[in-house]
Amino acid sequence: MIHYDLWWNPAVEAQATDRAYRIGQHRNVQVYRFITKGTFEEKINAMIQEKKQLADLTVGTGEKWLATMSDAELRSIFTLDK
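Overview of the structure.

How each quantity is defined
Residues numbered from 1 in each chain as written. Predicted model: local features only at pLDDT ≥ 70, side-chain atom pairs only at ≥ 80, totals over all residues. Heavy atoms only, no water. Helix = DSSP H or I, 4+ residues; strand = E, 2+ residues; numbered from the N terminus. Buried < 20%, exposed > 50% of the residue type's maximum accessible area, 1.4 Å probe, protein only. Contact = heavy atoms within 4.5 Å. Arc of directions from axis to C-beta. Patch = residues over 30% accessible without salt bridge, like charges linked within 9 Å, V, L, I, M, F, W, Y side chains within 5 Å. Areas by Shrake-Rupley, 256 points an atom, 1.4 Å probe, with all protein chains shown as cover. Salt bridge = Lys/Arg side-chain N within 4 Å of Asp/Glu carboxyl O.

Glancing now at the overall build of the protein. Of regular secondary structure, the protein possesses three helices and two strands. Its helices and strands in sequence order give the protein the pattern β-α-β-α-α, from N to C terminus. For the protein, the proportion of its 82 residues judged to be buried stands at 13%. Long-range pairs, those at least 24 residues apart, make up 51% of the contacts in the protein between residues at least 6 apart in sequence.

Right, dumping it as structure tokens:
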């Protein structure tokens, strides 16, 4: 699979990549992203990478630390009264 037209939303590109791994696929799939240096696409790619880094800082699927917090700890996070 080749990505040659970048999307503003990284999830859309990830969805397109995931489609290459359809159920029943037994062959290896390689994904390439072509970006021409010094172009608008290079700036979009930098912005996408920044968005991914920001998304990685948020709570994701499988994060267990949130589930282990007590009710009091959760209330303290979401309470506006300090």
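There's more to say after this.
Attention now moves to helix H1 (residues 10-19). Listed as buried for H1 are Pro10, Glu13 and Thr17. Here the buried residues of H1 occupy an arc of 65 degrees about the axis, which is enough to place them on one side. For H1, the elements touching its buried residues are strand E1 (2-3), strand E2 (32-33) and helix H2 (40-57).

Now for the side chain of Thr17. You can see Thr17 is positioned in helix H1. For Thr17, a relative accessible area of 17% puts it in the buried group. Sequence-distant contacts of Thr17, that is, excluding residues within four places in its chain, are made with Met1, His3 and Val31.

Let us now look at a nonpolar patch on the surface. A contiguous nonpolar surface patch, about 260 Å² in accessible area, is contributed by Met1, Tyr21 and Val31. Note on placement: Met1 falls in the segment before E1. A relative accessible area of 36% places Met1 in the partly exposed class.

Now for the side chain of Asn45. If you trace the backbone, Asn45 turns up in helix H2. Residues contacting Asn45, with those up to four places away along its chain left out, are Leu6, Arg33 and Ile35.

As a further point, take the environment of Ile35. Looking at where Ile35 falls in the secondary structure, it is placed in the loop between E2 and H2. Spatially, the C-alpha atom of Ile35 lies 9.0 Å from that of His3, the residues being 32 residues apart in sequence.

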